[in-house]
Number of protein chains: 2
Amino acid sequence: MAVNIAILGFGTVGSGVADILLMNKDSIKAKTGKDIVLKHIKDIVDFPDSPFADLVTHNDDDVFGDPELDVIIETIGGSRIAYEYTKRALSQGISVVTSNKELVSTHGVELLKLAEENGCSYLYEAAVGGGIPIIQPLYRDLAANKITRIAGIVNGTTNYILTAMKEEGISYEEALKQAQENGYAEADPTADVEGIDAQRKLSILSTIAMEGNYVSPDEIHAEGISKLALDDIDFNDKVQAELKLVAYFENNGNGAIAYVAPTYISRRNLLSSVNGVFNAVMVDGNALGMSMYYGQGAGTMPTASAVFGDILQVAVTDGKPLEPRLWKESDSKITPYAEVKADILVRLDSKADELVKAFEGYSPLAIGNDAVMVNSISHADAEKICAGIDGAKWFHVLR
Amino acid sequence: MAVNIAILGFGTVGSGVADILLMNKDSIKAKTGKDIVLKHIKDIVDFPDSPFADLVTHNDDDVFGDPELDVIIETIGGSRIAYEYTKRALSQGISVVTSNKELVSTHGVELLKLAEENGCSYLYEAAVGGGIPIIQPLYRDLAANKITRIAGIVNGTTNYILTAMKEEGISYEEALKQAQENGYAEADPTADVEGIDAQRKLSILSTIAMEGNYVSPDEIHAEGISKLALDDIDFNDKVQAELKLVAYFENNGNGAIAYVAPTYISRRNLLSSVNGVFNAVMVDGNALGMSMYYGQGAGTMPTASAVFGDILQVAVTDGKPLEPRLWKESDSKITPYAEVKADILVRLDSKADELVKAFEGYSPLAIGNDAVMVNSISHADAEKICAGIDGAKWFHVLR
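Residues numbered from 1 in each chain as written. Chains lettered and ligands numbered in written order. Predicted model: local features only at pLDDT ≥ 70, side-chain atom pairs only at ≥ 80, totals over all residues. Heavy atoms only, no water.

Novice: Where do I start with the interface of chain B and chain A in this structure?
Specialist: One widely used convention gives an interface's size as the accessible area the parts lose upon coming together. Taken together, the contacts link 52 residues of chain B with 52 residues of chain A. Of the roughly 4300 Å² buried at the junction of chain B and chain A (both faces included), carbon and sulfur atoms supply 58%. Looking at the side of chain B facing chain A, the largest losses of area belong to B:K31, B:L270 and B:Y294, adding up to 15% of the total buried there. Counting every contact that joins chain B to chain A gives 6 salt bridges. Linking chain B to chain A there are 14 residue pairs in polar contact (both at pLDDT 80 or more). Contributions of two or more residues to the side of chain B that touches chain A are made by α1 (12-32), α5 (135-141), β11 (278-285), β12 (289-296) and α11 (300-317) of chain B. (Contact = heavy atoms within 4.5 Å. Buried area = accessible area lost by both parts, 1.4 Å probe. Salt bridge = Lys/Arg side-chain N within 4 Å of Asp/Glu carboxyl O. Polar contact = N/O pair within 3.5 Å; in protein donor to acceptor, adjacent residues only side chain to side chain. Helix = DSSP H or I, 4+ residues; strand = E, 2+ residues; numbered from the N terminus.)

Novice: Quick question: what am I supposed to make of the packing of helix α1 (residues 12-32) of chain A against helix α11 (residues 300-317) of chain A here?
Specialist: Angle between the axes and distance between the axes are the two parameters that describe a pair of packed helices. Residues and elements named next belong to chain A. Where α1 contacts α11, the axes come no closer than 8 Å and their chain directions differ by 55 degrees. What the angle tells us is that α1 and α11 run oblique. For the pair α1 and α11, the crossing hand works out as right-handed. Within the contact between the two elements, α1 uses T12, V13, S15, G16, V17, D19, I20, L21, M23, I28 and T32 and α11 uses T300, M301, T303, A304, S305, V307, F308, I311 and L312. Grouping the amino acids of the contact of α1 with α11 by side-chain chemistry returns 12 nonpolar, 7 polar and 1 charged. (Axes fitted to C-alpha atoms, helices over the stretch in contact; angles between N-to-C directions. Parallel < 35°, antiparallel > 145°, perpendicular 65-115°, else oblique. Left-handed = near helix turned anticlockwise from the far one by under 90°. Nonpolar A, V, L, I, M, F, W, Y, C, P; charged D, E, K, R; others polar.)

Novice: I keep staring at the environment of A:V340 and nothing clicks. Help me out?
Specialist: Residues and elements named next belong to chain A. Following the sequence through the fold, V340 ends up in the loop between α11 and β13 (341-347). With a relative accessible area of 4%, V340 lands in the buried category. Note: C-alpha distance between V340 and I225 (115 residues apart in sequence) is 21 Å. (Buried < 20%, exposed > 50% of the residue type's maximum accessible area, 1.4 Å probe, protein only.)

Novice: Would you mind showing me how to read the sheet that holds strand β2 (residues 35-42) of chain A here?
Specialist: Residues and elements named next belong to chain A. Strand order in the open sheet formed by 6 strands is β3-β2-β1-β4-β5-β6, and the pairing between neighbours is parallel. Among the strands making up the open sheet, the edge pair consists of β3 (56-57) and β6 (122-123). Here 4 bridges tie strand β1 (residues 2-8) to strand β4 (residues 71-74), and the two strands are oriented parallel to one another. Bridge pairing links L8 to E74 in β4. Across the face of the sheet, α1 comes into contact with β1, β2 and β4 while running at roughly 165 degrees to β2. (Pairing = 2+ DSSP bridges.)

Novice: Can you walk me through helix α3 (residues 81-91) of chain A in this structure?
Specialist: Along an α-helix, a turn takes 3.6 residues, which lines up residues three or four apart on a common side. Residue and element names in this part refer to chain A. Looking only at α3, the buried set comprises A82, Y83, Y85, T86, A89 and L90. All buried residues of α3 lie within an arc of 165 degrees about the axis, which places them on one face of the element. Backbone geometry just downstream of α3 places G93 in the positive-phi region, at approximately 80 degrees. (Arc of directions from axis to C-beta.)

Novice: Teacher, can you tell me more about the packing of aromatic side chains here?
Specialist: Two aromatic rings are characterised by how far apart their centres lie and by the angle between their planes. All names here are of chain A. Applying the stated rule across the entire model yields 22 aromatic pairs over all chains. Relative to F47, the ring of F10 has its centre 5.0 Å away and its plane inclined at 70 degrees; by these criteria the two rings are edge-to-face. Of this pair, F10 sits in the loop between β1 and α1 while F47 sits in the loop between β2 and β3, and the two are 37 residues apart along the sequence. On the accessibility criterion, F10 (7% relative accessible area) is buried. Arranged with centres 5.1 Å apart and planes meeting at 70 degrees, the rings of Y264 and F395 form a pair that is edge-to-face. Of this pair, Y264 sits in strand β10 (residues 256-266) while F395 sits in strand β16 (residues 393-398), and the two are 131 residues apart along the sequence. Residue Y264 is classed as buried on the basis of its relative accessible area of 2%. Residue class for F395 comes out buried when judged on its relative accessible area of 6%. Every member of this aromatic cluster is reached through a ring pair, and the members are Y122, Y124, Y214 and W327. The positively charged end of R347 is found above the aromatic ring belonging to F235, 4.6 Å away from the centroid. (Phe/Tyr/Trp six-rings, centres within 6.5 Å; stacked < 30°, edge-to-face > 60°. Lys NZ or Arg CZ within 6 Å of the ring centre and 35° of its normal.)

So, in structure tokens, the structure goes:
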């Protein structure tokens with residue numbers, strides 16, 4: 001049986017989906033019993049050198065007017081045109097598979113409802129962790145678990161930069177430049193380096209962990225890596241940890257926590273060994289315990305691999321969702337960042353004594369003469385006290 | 001809608017499945033829209049103190065005579081009674097979910113065919129990697145990929161022993177005793193320490209990677225850890241690697257490789273950081289690239305979590321497999337172990353010069369004065385040459 005697909009946006013990811021079809025068509029047919037047929041590619045430009053050049057159209061009606069279309073692959077990105085196309089497809093009962101974290105994290109509630117109303121699927125495995133299977137495992141393989149904690153390195157650009165700073169001893173600016181030259185960072189890196197991309201991905205992961213109670217990106221405090229200095233990285237060895245940008249979620253039953261921030265990850269924690277452009281998501285379930293999913297968080301083929309997993313899900317289910325995967329608007333259950341109590345590390349070179357004094361009452365623990373560990377202090381208090389000490393910086397820690 | 005299940009074998013894993021039902025019933029209902037109802041527990045003994053005591057029966061007919069039964073959980077283990085029960089259930093069109101790696105790796109071809117003929121499912125996520133989602137991701141999320149390589153730490157007992165030897169500097173015998181005292185090794189540890197358990201798991205993983213062409217455990221060379229000495233572990237630092245029991249599969253297109261053996265894993269490889277009873281499976285796909293799945297490889301609740309994932313798969317599909325997952329007998333495509341060419345490390349304390357001479361022609365590379373690296377040598381030649389040098393030992397390496 002044939003499954004007809006169209007790709008909207010023939011860029012990095014979209015073209016990868018077509019490439020996989022060329023590369024593994026027979027193997028996919030053998031495994032799924034389905035013929036995946038690429039019928040249309042909608043883009044604003046032509047691709048004369050592509051083996052799929054003949055499929056390229058600039059006319060929406062060629063796509064949306066095709067009564068035989070089963071799946072639309074939305075790899076346009078952003079939440080404007082992509083939003084309109086997705087609504088149009090789902091309204092017509094055409095399933096949509098996407099890698100668009102911005103759209104899913106912003107309009108997921110509406111789009112998933114629209115899909116359900118029209119008996120089709122809206123799937124977004126590729127929106128988080130690139131090629132790493134994480135959305136499907138959370139929904140299906142871990143369905144018997146309540147998700148109590150998620151700690152992820154979900155942005156390859158920032159992890160590449162931090163790894164380069166550490167291994168080559170170069171500054172943030174130099175590392176960013178290197179990432180841009182190697183195609184791992186965009187000309188305007190803001191969304192990556194300021195933690196906005198990670199914030200969107202954590203919004204998606206948190207919503208699933210909250211069993212569909214929508215956690216908007218706006219509820220997630222996001223701090224990036226652009227203010228990090230080389231000596232923050234050099235401090236890794238002193239605390240036997242690695243400074244990484246961590247997307248963190250925790251749900252202890254009474255109130256949930258979700259934020260993105262630079263975090264010293266203990267070297268005892270496997271997450272600390274995730275380097276370069278790789279991503280990893282650590283998930284704690286109340287039955288499974290700790291688990292981790294690791295792989296390439298970006299790139300043409302890895303991301304296309306995840307998109308294809310969803311295409312095949314649509315293929316084997318004829319687009320009918322196997323279980324309810326709706327998101328619902330809900331009064332935020334996310335504790336305001338300022339109120340969150342956490343264990344932190346405070347740095348002030350060669351002035352630990354000063355820090356010990358400032359944090360007395362929290363029984364701080366001095367680390368050499370350059371830092372103190374402070375347990376269970378609210379972010380607001382940490383901020384306030386550090387503001388009063390010239391040069392003091394505080395960081396999250398993950399054991 | 002209710003899904004009626006029965007548990008055969010109320011031991012470690014079976015009881016965990018019941019416990020999860022108590023613990024997360026509402027959450028499971030909310031996520032899947034299904035009521036999972038435990039109707040029968042078949043065991044040879046009673047469990048008067050269990051909250052499920054009333055469900056326990058010694059009579060097969062209470063289970064197989066129940067027309068409303070949807071799923072049987074086979075957590076008996078072994079390939080004798082479990083084999084008979086599984087055939088009986090599948091013949092009646094009752095789906096079977098199992099954690100039984102011995103049965104799946106031995107009779108998978110027949111049992112999967114029987115399930116298909118009777119329009120039901122035979123699922124075995126929990127048979128490999130305990131709670132780690134690996135079977136479903138291989139079949140579904142990675143379906144767009146040809147699997148080119150699998151390297152796994154799939155036996156928690158041996159990994160616990162090797163970790164204890166390294167961290168506490170104790171002998172193999174002491175570490176084994178400790179593992180037994182802590183319940184991580186059985187009184188008769190043979191299946192674990194001789195690599196038989198890992199061999200069965202690799203048989204399952206390899207068969208899936210070969211797209212259903214059955215790789216029998218008999219085709220997989222298995223070497224355990226019982227002959228390892230403390231100085232083999234102490235050597236870790238010299239080569240910046242960790243000695244682990246690795247289940248290895250590779251398929252380069254012309255012929256596949258599959259074996260279980262102690263292997264020095266480079267510290268650059270994330271797999272080297274997997275310690276204690278944890279398991280991890282590294283999977284390379286031709287689109288995805290490298291990925292890794294990590295978690296608890298054994299234990300009541302983690303394994304029960306994986307079993308439950310399969311129960312819910314049956315629940316949402318009414319037991320009808322979504323895609324063909326048959327295994328087929330096939331002339332072995334596994335290259336005989338002796339013929340396999342690999343990069344190896346050969347150790348002979350303070351006699352590297354002797355090794356260099358013995359392996360000349362393979363341009364060996366001396367490591368200090370205690371070992372040499374030899375690239376692309378057949379296992380047979382490695383064996384033959386080492387046999388001629390008193391005290392020389394060779395090991396696999398994984399970069």
